[in-house]
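Remarks on the overall topology
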Amino acid sequence: MQCLNSCVEQAQEMMWCVGPGGRMSVAKLLLSSFLLHSLSEASNQPPRFLNYFFQSYLLIYENTPVGSSVTQLQAVDPDGEPLIYGVVGEEATRYFAVEQNTGVVWLRQPLDRETKSEMQVEFSVSDSQGVVKDTVNIQIGDVNDNAPTFFNQPYTVHIPENTPVGTSIFMVNATDPDQGTGGSVLFSFQPPSAFFAIDGARGIVTVTRTLDYEITAAYQLTVNATDQDKRRPLSRLANLAITITDVQDMDPIFTNLPYSNIVEGVPMGYEVRKIRAIDQDLGRPRGIGYTIISGNTNSVFALDYISGSLTVAGDLDRENPLYSAGFTLTVKATELNEDRTPSEATVKTTFTILLIDKNDNAPKFNASEYRVLIPELAQVGFALPLYIQVQDKDECG
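Because the structure is a prediction, the values reported are computed rather than measured. Position labels on residues start from 1 in each chain and follow its written sequence. Under the rules for a predicted model, residues below a pLDDT of 70 receive no local features and side-chain atom pairs below 80 are neither given nor counted, while totals for whole chains, interfaces and linings still include all residues. Values shown for side chains rest on all heavy atoms present in the structure; no hydrogens or waters enter the calculation.

Things to note about the overall build of the protein chain
For clarity, the threshold we go by: In this description a helix means any DSSP run of H or I spanning at least four residues, a strand means any run of E spanning at least two, and both kinds are numbered starting from the N terminus. When a residue's accessible area, from a 1.4 Å probe over protein chains only, is under 20% of the maximum for its type it is buried; when over 50% it is exposed; and in between it is partly exposed. We call two residues in contact when some of their heavy atoms are within 4.5 Å. Only the protein chains shown count as cover for residues, with accessible areas throughout obtained via the Shrake-Rupley method and a probe of 1.4 Å.
In terms of regular secondary structure, the protein chain is built from three helices and 29 strands. A total of 397 residues make up the protein chain; the buried ones form 34% of that total. Contacts spanning at least 24 positions in sequence make up 65% of the contacts within the protein chain whose residues lie at least 6 apart. Total accessible area on the protein chain is roughly 23,900 Å²; 52% of this is exposed by carbon and sulfur atoms.

Examining unusual backbone geometry
Among all residues except glycine, the phi angle is most often negative; among peptide bonds, the trans geometry is most common. Of note, the bond from Gln153 into Pro154 is cis; its omega dihedral lies within 30 degrees of zero at 0 degrees. Along the chain, Pro154 turns up in the loop between strand E10 (149-150) and strand E11 (155-160). Although it is not a glycine, Asn152 sits at a positive phi angle of roughly 60 degrees. Despite not being glycine, Arg340 shows a phi value in the positive range, around 70 degrees.

A look at the sheet that holds strand E17 (residues 218-227)
What counts is decided by this rule: When DSSP locates at least two bridges between a pair of strands, those strands are taken to pair. Every angle, taken between N-to-C directions, lies between 0 and 180 degrees, and every axis is a line fitted to C-alpha atoms, over only the stretch in contact when it is a helix.
Spatially, four strands are ordered E11-E18-E17-E14 in an open sheet, and the strand pairing comes out mixed. Of all strands in the sheet, those bounded by a partner on one side alone are E11 and strand E14 (185-189). The sheet shows a mean angle of 25 degrees between the axes of neighbouring strands, taken without regard to direction. Across nine bridges, E17 lies against strand E18 (residues 235-245) in antiparallel orientation. Paired with Thr222 across the strands is Asn239, a residue of E18.

A word on the confidence of the model for the protein chain
Note the threshold: On a scale of 0 to 100, pLDDT captures the predictor's confidence in every residue.
Averaged over the protein chain, the pLDDT score is 87; the fraction of residues at 70 or greater is 86%. Below a pLDDT of 50 lies the segment residues 1-24, which in the model reaches 13 contacts outside its immediate sequence neighbourhood of four places, other chains included. Of the regions scoring below 50 in pLDDT, residues 29-40 engages in eight contacts with residues more than four places distant in sequence or in other chains.

Focus: the pattern of salt bridges
Inclusion rule: By definition, a salt bridge exists where a carboxyl oxygen of Asp or Glu is found within 4 Å of a side-chain nitrogen of Lys or Arg.
Considering all chains together, one arrives at nine salt bridges under this definition. As a salt-bridge pair, Asp142 and Arg113 come within 2.9 Å of each other at their nearest N and O atoms. Residue Asp142 is located in the loop between strand E9 (131-141) and E10, and its partner Arg113 is located in the loop between strand E7 (104-107) and strand E8 (118-126); the two are separated by 29 residues in the primary sequence. Taking the relative accessible area as the measure of exposure, Arg113 reaches 11% and is therefore buried. Linked through salt bridges whose partners overlap, the residues forming this network are Arg113, Glu114 and Asp142.

Topic: the environment of Tyr155
Let me state the cut-off plainly: Polar contacts, as used here, are pairs of N or O atoms within 3.5 Å; protein pairs need one atom able to donate a hydrogen and one able to accept it. Residues neighboring in sequence count only if both atoms are side-chain atoms.
As for its placement among the helices and strands, Tyr155 is situated in strand E11. Of the residues examined, Tyr155 reaches a relative accessible area of 3% and is grouped as buried. Residues within four places of Tyr155 in sequence aside, it is in contact with Phe150, Phe170, Val172, Asn173, Ala238, Asn239, Leu240 and Ala241. Only 2.5 Å separates the side chain of Tyr155 from the backbone oxygen of Phe151, close enough to count as a polar contact. Side-chain polar atoms of Tyr155 contact the backbone oxygen of Asn173, separated by 3.1 Å.

Some words on the environment of Phe53
The topology assignment puts Phe53 in the loop between strand E1 (48-49) and strand E2 (58-61). Counting along the chain gives 85 residues from Phe53 to Ile138, while the straight-line C-alpha distance between them is 8.7 Å. Those residues within four positions of Phe53 in sequence are excluded, and the remaining contacts are Leu58, Thr71, Leu73 and Val136.

Quick look at the nonpolar core
We count it as follows: Among the buried residues, those of types Ala, Val, Leu, Ile, Met, Phe, Trp, Tyr and Cys that are joined through side-chain atoms within 4.5 Å form a nonpolar core.
Counting residues in each nonpolar core, the largest one holds 25 residues, and the members touching the most others are Leu73, Phe96, Phe123 and Ile138. Those elements that provide at least two residues to this core are E2, strand E5 (84-88), helix H3 (90-95), strand E6 (96-98), E7, E8 and E9. Sort the elements by how many residues they give to this core and E8 lands first, with four residues. Core analysis: the next-biggest nonpolar cluster, separate from the first, contains 24 residues, Val207, Tyr219, Leu221 and Ile244 among them.

A closer look at the pairing of strand E26 (residues 327-336)
Along E26, eight of the ten residues are buried, which leaves the element largely enclosed by surrounding structure. Both E26 and strand E27 (residues 342-356) contribute to a ladder of nine bridges, which runs antiparallel. By the bridge assignment, Leu329 is partnered in E27 with Phe351. What sits between the antiparallel neighbours E26 and E27 is a turn of five residues, in which Arg340 has the positive phi angle 70 degrees.

Some details on a nonpolar patch on the surface
So the rule is basically this: Note on patches: the residues involved have over 30% relative accessible area and no salt bridge, like charges join within 9 Å, and the nonpolar side chains Val, Leu, Ile, Met, Phe, Trp and Tyr join within 5 Å.
A contiguous nonpolar patch, built from Tyr370, Val372, Ile374, Phe382, Leu384, Leu386 and Ile388 and spanning about 570 Å² of accessible area, is present on the exposed surface. Its relative accessible area of 40% is what places Leu384 among the partly exposed residues.

This is the structure in structure tokens:
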């Protein structure tokens with residue numbers, strides 16, 4: 001009304017300016033036209049949106065298919081004029097299109113909540129007189145569309161074989177960008193391991209049984225990370241390689257426990273046999289030192305400390321009462337440290353060496369000469385008072 005009064009006042013000023021005379025009718029005509037135009041402008045009201053989400057927010061889930069209708073704009077124009085709808089802004093037009101006559105809003109490209117969780121989109125509605133714009137806060141709703149992701153791969157760990165049961169040896173790290181249960185990750189071994197366990201919530205790997213490098217030197221485990229979505233849980237796998245390193249925890253062992261036979265009279269330096277022992281710690285096996293502990297009568301044998309070669313070091317005569325029954329030798333094998341000093345890891349063994357006789361002795365009479373008196377009347381078959389004995393020390397003789 002105030003606007004209308006202003007228009008009348010302006011018209012009256014125009015009439016005064018025109019003055020009396022024939023020009024009065026022209027002034028009245030101009031006044032009427034001006035009043036009608038001003039009244040029309042004063043009575044036109046802009047359209048307004050009716051949708052609730054202009055005052056709150058609009059939720060659209062990230063898995064909404066491209067081309068889907070996500071909402072419909074609704075507006076009212078008090079003057080009843082036809083309305084045209086639109087969307088404003090470069091980003092908004094990348095994601096949304098609006099059917100100008102119906103206000104239906106279409107999705108133009110995929111949404112990803114993990115990339116962009118919300119956006120401010122400006123929509124417009126216009127009548128013949130002008131354009132009205134309003135902004136909607138669009139929240140991108142989460143769906144469980146991401147499997148857990150492992151970090152810092154590959155997973156490898158080296159542990160000694162004497163690692164105590166219950167020791168934590170590694171922590172697996174995986175996260176899921178989804179919200180709620182879809183972003184909560186639980187870990188497990190697939191299949192389960194007899195020697196290792198993994199904490200489902202924290203991913204900490206622990207030893208559950210005693211390890212032995214000599215039995216198993218490495219383990220290849222598969223870690224499964226699964227989110228906790230009830231309808232469609234997603235999972236991902238990763239490899240965990242556990243290498244067991246050797247520890248010197250085993251004594252050596254002889255590989256050839258010998259019974260040896262040698263012929264008497266072999267020359268000095270003759271090799272009876274090689275004695276061999278090995279370190280059962282196979283990761284970094286140590287060298288072996290060999291010594292004779294007992295049974296080496298008169299030191300007739302020599303044993304090389306490093307090579308284990310057992311050789312003759314004295315005169316072997318089977319007819320010697322000390323040697324006739326053979327030899328029972330006790331030998332010790334000792335693991336050597338890096339500086340060749342003996343370690344505490346040792347093993348002993350006992351074996352027999354028999355001397356084989358050879359015919360190296362002539363028969364021997366029990367006297368160098370024999371004398372006997374025979375009566376002249378002795379008959380045939382008379383037993384002479386004479387005892388002759390011959391002895392040969394050799395078994396084979």
